[in-house]
Amino acid sequence: DMSCGCKATSCQSSKGSSEAQEVFHRRCKAATCRICDHHGLEPVLDLGLMPLTAAFVPAEKLNQEEERFPLEVAFCPACSLVQVLETVPREKVFH
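Sequence positions are assigned chain by chain, starting from 1 and proceeding in written order. Residues qualify for local features only when their pLDDT is at least 70, as the model is predicted, and side-chain atom pairs are given and counted only at 80 or more; totals for whole chains, interfaces and linings, by contrast, use all residues. Side-chain numbers here rest on the full set of heavy atoms in the structure, without hydrogens or water.

Draft legend 1. Quick peek at unusual backbone geometry. The residue Asp37 is not glycine, and still its phi comes out positive at about 65°. In DSSP terms, a helix is any run of H or I states spanning at least four residues, a strand is any run of E spanning at least two, and both are numbered starting from the N terminus. Checked against the element boundaries, Asp37 lands in the loop between helix 1 (18-30) and strand 2 (42-51). Located in the positive-phi region is Ser80, a residue other than glycine, with phi close to 70°. On the secondary structure map, Ser80 appears in the loop between strand 3 (68-75) and strand 4 (82-84). For the exposure calls, accessible area comes from a 1.4 Å probe over protein chains only, and a residue counts as buried if that area is under 20% of its type's maximum, exposed if over 50%, partly exposed in between. Taking relative accessible area as the criterion, Ser80 reaches 48% and is therefore assigned partly exposed.

Draft legend 2. Just the environment of Phe24, in detail. Here Phe24 shows up in helix 1. When the C-alpha positions of Phe24 and Gly48 are compared, they lie 9.7 Å apart, and in sequence the two are 24 residues distant.

Draft legend 3. Just the pattern of salt bridges, in detail. Here, a salt bridge means any side-chain nitrogen of Lys or Arg that lies within 4 Å of a carboxyl oxygen of Asp or Glu. In this structure the tally under the stated criterion is five salt bridges. The salt bridge involving Glu86 is made with Arg27; its shortest N-O contact spans 3.3 Å. One end of the pair, Glu86, is in the loop between strand 4 and helix 2 (90-93); the other, Arg27, is in helix 1, and 59 residues separate them in sequence. Among the salt bridges present, the one from Glu65 reaches Arg68, with a minimum N-O distance of 3.1 Å. Arg68 sits in the partly exposed class, given a relative accessible area of 39%. Shared partners join several salt bridges into a network, and the residues in it are Arg27, Glu72 and Glu86.

Draft legend 4. Structural detail: the environment of Glu67. Of note, Glu67 is situated in the loop between strand 2 and strand 3. Residue contacts follow a heavy-atom distance rule, with two residues in contact if any of their heavy atoms lie within 4.5 Å. Not counting the four nearest positions on each side in its chain, Glu67 is found in contact with Met50, Pro51, Leu52 and Lys92. At a separation of 3.1 Å, a polar atom in the side chain of Glu67 contacts the side chain of Lys92. We call two N or O atoms a polar contact when they sit within 3.5 Å, provided that within protein one can donate a hydrogen and the other can accept it, with sequence-adjacent residues counted only if both atoms are side-chain atoms.

See below:
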């Protein structure tokens, strides 16, 4: 029995609340596949807000909060692509 009520057997949300799961599910259903343009993805995993990986934090910024971005994974039932929902702006990644 899935507490979130979705059909995806692997759906999980790190946020825990049913409200957060509903938001995640709505975002998936509203998303379009990056490869085949199919509208309506299946939720897989929501890891919440995460800092960028492999980011070098200078010593003077160690005590500052790092910027975080949603890490939500969805599945396209049309072409089977597993994909993240959010694209981090390139200027945030390559600075």
